[in-house]
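Per-entry structural report
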Amino acid sequence: MSIKVSDYVLQRLRAWEVEHVFAYAGDGINGLLAAWERADNQPRFIQARHEEMAAFQAVGYAKFSGKVGVCAATSGPGAIHLLNGLYDAKLDHVPVVAIVGQTDRSAMGGSYQQEVDLLSLYKDVAAEFCEMVTVPEQLPNVLDRAMRTAYAKRTVTAVIIPADVQELDYTPPRHAFKMVPSSLGLSSYAPVPGDAELDRAAEVLNAGEKVAILVGQGARGARAEVEQVTEALGAGVAKALLGKDALPDDLPYVTGAIGLLGTRPSYELMQGCDTLLVIGSSFPYSQFLPEYDQARAVQIDIDPFMVGLRYPFEVNLVGDARETLTRLLPRLTRKKHGSWRKKIEKNTARWWEVMERRAAVEADPINPEHVVHALDAVLPDDVILTADSGSAANWYARHLRLRGAMRGSLSGTLATMGPGVPYAIGAKFAHPDRPALALVGDGAMQMNGMAELITAAKYWQDWSDPRLIVAVLNNGDLNQVTWEMRALSGAPQFLPSQAIPDVPYADFARSIGLDGARVERPAEVATAWQRALAADRPFVLDFRVDPAVPPIPPHATLDQIEAAAASLVKGDSDRGAVLRQGLKAKVQEMLPGGHD
């Protein structure tokens, strides 16, 4: 019995153990939709509210499952809508395969409706592999290479299938000239550097007296080995945001996040070290790393194209983090934990005291740092956290201590708005037995988070643990940009661009069968978290928070923050003086003693 091309596509995805395809319908993939019906919805078609959200859900699924995320969309506008989510995957090195429709072959080149040159459009985002299927015999090779390349290179690949090709009878490639056979599967592998390079790296690390380690998401599978290396070197460990869950935050030498959204002890760690070891990170902001003539440095990364980019490394080790560290450990000379290690641990403990003080500062109506700091104490052991771009990412980075099996991620490199809620939905399909929590700003919530609550309402009863909590930091302001304007441009706030409406997010959630609560007083925060964590369905917490709480960079001084506050004066000196004085008082309470 013959099958159609569309049937074979789903059959091959099942053979690759793809269980979910995040998608949105359109006539450019009508053939595939009909095949899904014939295949009893296997792999399962997960209907997002928008193609961009489908792509974000595929990214979230891939980040938290370790499997390839697959998304699908129609030709023209559907394929275009996928792009932002696909770029998020590409820049964060996440394996995602996009399957997109195209107009019939007979109409190509005729300026036909929804005809877009998808091969050109996807040339950059799917640079490692992007192919259009024009005859059935291409299918096994094209689909297998898309999957294999996405896995092997941790990137985006794309398969374009014209609508008329989807309806053709499938015929396999023959044993003939210009036919390309194919096979399934990709074995696991772990490249390692050679002995000579490992010896060079050990020499650099053994010579150092003040060793700093920076880990990223590439170190996630090497937690035990990173801990052993840290103990051997008497080092401290800072974490790039994508590596926030690579090492527990309750270890005394883990200084937390690094960069503009990072912590003071991470900044001090890099300022004071004489040796740097970077593991599985392409953290881009070199100004937060040691001065170029300050430290000898070693990098470990599995991707040869990502080594040597951010710092003048003396040794670049290309290899799997776990296997490389396993081979490096016997070469290291154990250092005595002296004043350097004690200073790191003291600074880190002091930082968490400062975070507690900052969270306790009064605000109008609620300090957003209090909201997130209160969450830290009640995080479930198996929670999956997502954060959206904006000021929410600051509080995620600084106040939440990931411990044990907790997972967390955000849009690290693209830093796009909007993935917080769809990431969490993708996480729920990867781990339906674990609670997921998205920390988002009101800008991102209005951009697309509210619509994706409808997706959660459609599917939540399929999850064995129904908890998906969306916490909205509702301040009526596009807050991160507002503070960037003040700090970088000397502009107080351009209200037509920054002020956004107050929306009853919890009411909306309840209107579609979910639950929620609006929280307007600090005394209600802890109870609200407990209520959401005990809910029997997805829950939206609408926290009314103060937009005047500044996301202070870790290296900021009081003078610098006062200069940002001075920008508030323009056009209204009396009002500006009041705001300036209030902000100064607030910052003096928040900054650690001796750092002002």
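Residues numbered from 1 in each chain as written. Predicted model: local features only at pLDDT ≥ 70, side-chain atom pairs only at ≥ 80, totals over all residues. Heavy atoms only, no water.

Mean pLDDT for the protein chain: 92, with 92% of residues reaching 70 or above. Note on residues 567–576: pLDDT is under 50 here. Beyond four places in sequence and across chains, it has 13 contacts. In the predicted structure, residues 592–596 sits below a pLDDT of 50 and forms 12 contacts with residues beyond four places in sequence or in another chain. (pLDDT = per-residue confidence, 0-100. Contact = heavy atoms within 4.5 Å.)

Let's shift gears to the packing of helix α10 (residues 264–272) against helix α12 (residues 339–360). Put simply, α10 and α12 touch, their axes get as near as 9 Å, and they point 160° apart. It follows from the interaxial angle that α10 and α12 lie roughly antiparallel. By crossing handedness, the relation of α10 to α12 is classed as right-handed. Contacts between α10 and α12 involve R264, P265, E268, L269 and G272 from the first element and W340, I344, N347, T348 and W351 from the second. Looking at the contact of α10 with α12 residue by residue, the class counts come to 5 nonpolar, 3 polar and 2 charged. (Axes fitted to C-alpha atoms, helices over the stretch in contact; angles between N-to-C directions. Helix = DSSP H or I, 4+ residues; strand = E, 2+ residues; numbered from the N terminus. Parallel < 35°, antiparallel > 145°, perpendicular 65-115°, else oblique. Left-handed = near helix turned anticlockwise from the far one by under 90°. Nonpolar A, V, L, I, M, F, W, Y, C, P; charged D, E, K, R; others polar.)

Here we take up the pairing of strand β4 (residues 96–102). Most of β4 sits out of view: 7 of its 7 residues are buried. Burial along β4 is two-sided: the residues V96, A98, V100 and Q102 and V97, I99 and G101 are all buried. With 5 bridges joining them, strand β3 (residues 69–73) and β4 adopt parallel strand pairing. From the neighbouring strand, G69 faces β4, where its bridge partner is V96. One ladder, built from 7 bridges, connects β4 with strand β6 (residues 156–162); its direction is parallel. Note on β6: the bridge partner recorded for I99 is V159. (Buried < 20%, exposed > 50% of the residue type's maximum accessible area, 1.4 Å probe, protein only. Pairing = 2+ DSSP bridges.)

In a beta sheet, neighbouring strands pair by backbone hydrogen bonds and run either parallel or antiparallel. In spatial order, the strands read β14-β13-β15-β16-β18-β17; together these 6 strands make up an open sheet with parallel pairing. In this open sheet, the two edge strands, each paired with only one partner strand, are β14 (407–409) and β17 (515–519). For this sheet, the mean angle separating the axes of adjacent strands, direction not counted, is 15°. Across 5 bridges, the pairing between β17 and strand β18 (residues 539–544) is parallel. Across the sheet, V519 pairs through a bridge with F543, a residue of β18. The sheet strands contacting helix α15 (residues 420–430) are β13 (384–387), β14, β15 (436–441) and β16 (468–474), and the helix crosses β15 at an angle near 175°.

A word on the nonpolar core. Membership of the largest hydrophobic core comes to 55 residues, with the highest contact counts inside it found for L82, L86, V96, Y122, M445 and V470. For this core, the element with the most residues is helix α3 (residues 51–65), which contributes 8 residues. Contact partners of L82, with chain neighbours within four places excluded, come to E51, A55, C71, A73, A98, V100 and Y122. Formed by 39 residues, the second largest nonpolar core is a distinct cluster that contains L375, L379, V519 and F539. (Core = buried A, V, L, I, M, F, W, Y, C linked by side-chain atoms within 4.5 Å.)

Attention shifts here to the pattern of salt bridges. If you walk through the whole model with that rule in mind, you get 34 salt bridges. A salt bridge links R174 to E137, with the nearest nitrogen and oxygen atoms 4.0 Å apart. Linking R174 in the loop between α7 (163–166) and α8 (195–207) with E137 in the loop between β5 (130–132) and α6 (139–153), this pair joins segments that are 37 residues apart in sequence. What makes E137 buried here is its relative accessible area of 18%. Residue D502 is joined to R518 by a salt bridge in which the shortest nitrogen-to-oxygen separation is 2.8 Å. A residue pair is termed long-range when its members are at least 10 positions apart, and D502 in the loop between α18 (495–498) and α19 (505–511) and R518 in strand β17 qualify at 16 residues. Residue classification places R518 among the partly exposed residues on the basis of a relative accessible area of 32%. Several salt bridges converge on common partners, so that one network encompasses D502, R518, E520 and D542. (Salt bridge = Lys/Arg side-chain N within 4 Å of Asp/Glu carboxyl O.)

With that settled, consider the sheet that holds strand β9 (residues 254–257). On the basis of which strands lie adjacent, the open sheet formed by 6 strands has the order β9-β8-β7-β10-β11-β12 and parallel pairing. Lying at the two open borders of the sheet, with one neighbouring strand each, are β9 and β12 (315–318). Across this sheet, the average inter-strand angle for adjacent strands is 15°, counted without regard to direction. Strand direction decides the pairing type here: strand β11 (residues 296–301) and β12, joined by 4 bridges, are parallel. Across the sheet, residue I300 finds its bridge partner in β12, namely L317. Each of β7 (211–215), β8 (236–239) and β10 (275–279) is contacted by helix α9 (residues 223–233), which is oriented at about 165° to β7, the strand it contacts most. Where helix α11 (residues 321–328) meets the sheet, its contacts fall on β10, β11 and β12, and the angle it forms with β11 comes to roughly 135°.

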